[in-house]
Amino acid sequence: MFLNSILVVITDLAAGLLGHATFRRHFHLLMSGLVIFGPALSLWVSPFAIFAKRTHFLYRMFLQSAWGWTCVFVGSFMFLLTFSVSRSLQLSLRHLSRLAVAGGLWQGFRRVLSLLENTTGSCYEVLATPLESKVAGDNGAAQPLLLLREGESKAACVNAGMLWRGYEVSEDTFLLCLCCLLLAEETAVFGPYLSLGGPSGAPLRIIFLFCVVLLGLWIFLLLCLLAYFPQFPTQLLGGALGCLSWRALYQGWYRLGPSWYCPGRPGLGLLTTKKDEDGKAERPGQSNDATAPK
């Protein structure tokens, strides 16, 4: 009972923050500010910190599978919330289709970016350079000789231990920005849902809390990437692409309303109240036989 009370208090506070109009209106500006000014943190962080190693547990466990973690927790939250209100599998699948759209967009951009990198970049083999095979640069520093290897893709080049140079867009920054904005949009409906008195059992609240923790983790990992591994302008381009993808989906396409070609915005068809026969407002998810969804 005590733990349940703590869960209710924490989730109510988190739902109130994520559902607040100011937060929803300006969260994308916060993400933009992090991407633009985050690399400045590299002036204060230590290169010997544990987060300065790409082999850190958080990078290996979460960053490399960020989209999978997001789909698991956000998808579970979306399904529990939708199905607990409507008891309609069709409506639940319609809302879950937003994840499929975002996943398709992510995979599509990965292929396009990979094609762009392979087209504009070049692979170089660093020659085994004894002392006499090194040439001095303009500043007098010895530089290794590079041998151009044509026809190599970036993946094959890097896996072979060679040097790749070309135009790149940070996929990690793009994915983390997209996941953060998606999490904020999908969980923002929980605050209005609770204010309408919708049923909110412990499983739904626990999944929502996991989503909030995941949002905090993605923001933390994004800051770590920007601070310990600054790459300008590739990270800036990745963040811009993530924000533009969110705006095209949630501020553009989804506003058209639910149809065969559009899944609609989060909470659409859920955050409504109905009247019973006595004229009293019913909570979301409660209806008599005459108003029950078919």
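Remember, predicted model here, so these are calculated numbers, not experimental data.

(A) Molecular detail of the overall build of the chain. Along the chain, the regular secondary structure elements total 10 helices and seven strands. Sequence-distant contacts in the chain: of pairs separated by 6 or more residues, those separated by 24 or more amount to 74%. Surface summary for the chain: the accessible area is close to 16400 Å², and the carbon and sulfur share equals 64%.

(B) Local environment of the environment of Gln-64. Here Gln-64 lies in the loop between α3 (57-61) and α4 (66-86). A C-alpha to C-alpha distance of 8.4 Å links Gln-64 and Asp-172, two positions 108 residues apart in sequence.

(C) Local environment of the confidence of the model for the chain. With 86% of its residues at a pLDDT of 70 or more, the chain has an overall mean of 85. Within the chain, no element has a lower average pLDDT than strand β6 (residues 274-275), which sits at 41, and none a higher one than helix α9 (residues 202-228), at 96. Per-residue pLDDT stays below 50 along residues 273-281; that stretch engages in 13 contacts with residues further than four places along the chain or on separate chains.

(D) Quick look at a nonpolar patch on the surface. A contiguous nonpolar patch, built from Phe-2, Leu-3, Ile-6 and Ile-10 and spanning about 430 Å² of accessible area, is present on the exposed surface. With respect to the element layout, Ile-6 can be found in helix α1 (residues 2-18).

(E) Here's a closer look at the side chain of Thr-173. Assignment of secondary structure puts Thr-173 in helix α7 (residues 171-187). Contact partners of Thr-173, with chain neighbours within four places excluded, come to Val-35, Leu-222, Gln-235, Gly-238 and Gly-239.

(F) Quick peek at the nonpolar core. Counting residues in each nonpolar core, the largest one holds 65 residues, and the members touching the most others are Phe-27, Phe-190, Trp-218 and Leu-221. With 14 residues, the single largest contributor to this core is α9. Filtering out sequence-adjacent residues up to four positions away, Phe-27 remains in contact with Cys-180, Leu-181, Ala-184, Leu-215 and Ile-219.

(G) Here's a closer look at the side chain of Ser-245. Looking at the element boundaries, Ser-245 is found in helix α10 (residues 234-250). With relative accessibility at 5%, the residue Ser-245 sits in the buried group. Discounting residues that sit within four places of it in the chain, Ser-245 has contacts with Leu-105, Phe-109, Phe-174 and Leu-178.

(H) Looking closely at helix α2 (residues 21-37). The end-to-end C-alpha distance of α2, which contains 17 residues, comes to 25 Å, matching closely the 24 Å that a straight helix rising 1.5 Å per residue would cover. Along α2, the sharpest kink reaches roughly 45 degrees, centred on Phe-27. Of all the positions in α2, only Phe-23, Phe-27, His-28, Met-31, Leu-34 and Val-35 are classed as buried. Of the surrounding elements, those touching the buried residues of α2 are α1, α7, α9 and α10.

Thresholds, definitions, all that
Residues numbered from 1 in each chain as written. Predicted model: local features only at pLDDT ≥ 70, side-chain atom pairs only at ≥ 80, totals over all residues. Heavy atoms only, no water. Helix = DSSP H or I, 4+ residues; strand = E, 2+ residues; numbered from the N terminus. Contact = heavy atoms within 4.5 Å. Areas by Shrake-Rupley, 256 points an atom, 1.4 Å probe, with all protein chains shown as cover. pLDDT = per-residue confidence, 0-100. Patch = residues over 30% accessible without salt bridge, like charges linked within 9 Å, V, L, I, M, F, W, Y side chains within 5 Å. Salt bridge = Lys/Arg side-chain N within 4 Å of Asp/Glu carboxyl O. Core = buried A, V, L, I, M, F, W, Y, C linked by side-chain atoms within 4.5 Å. Buried < 20%, exposed > 50% of the residue type's maximum accessible area, 1.4 Å probe, protein only. Expected span 1.5 Å × (residues − 1). Bend = angle between axes of the 7 residues up to and from the residue.

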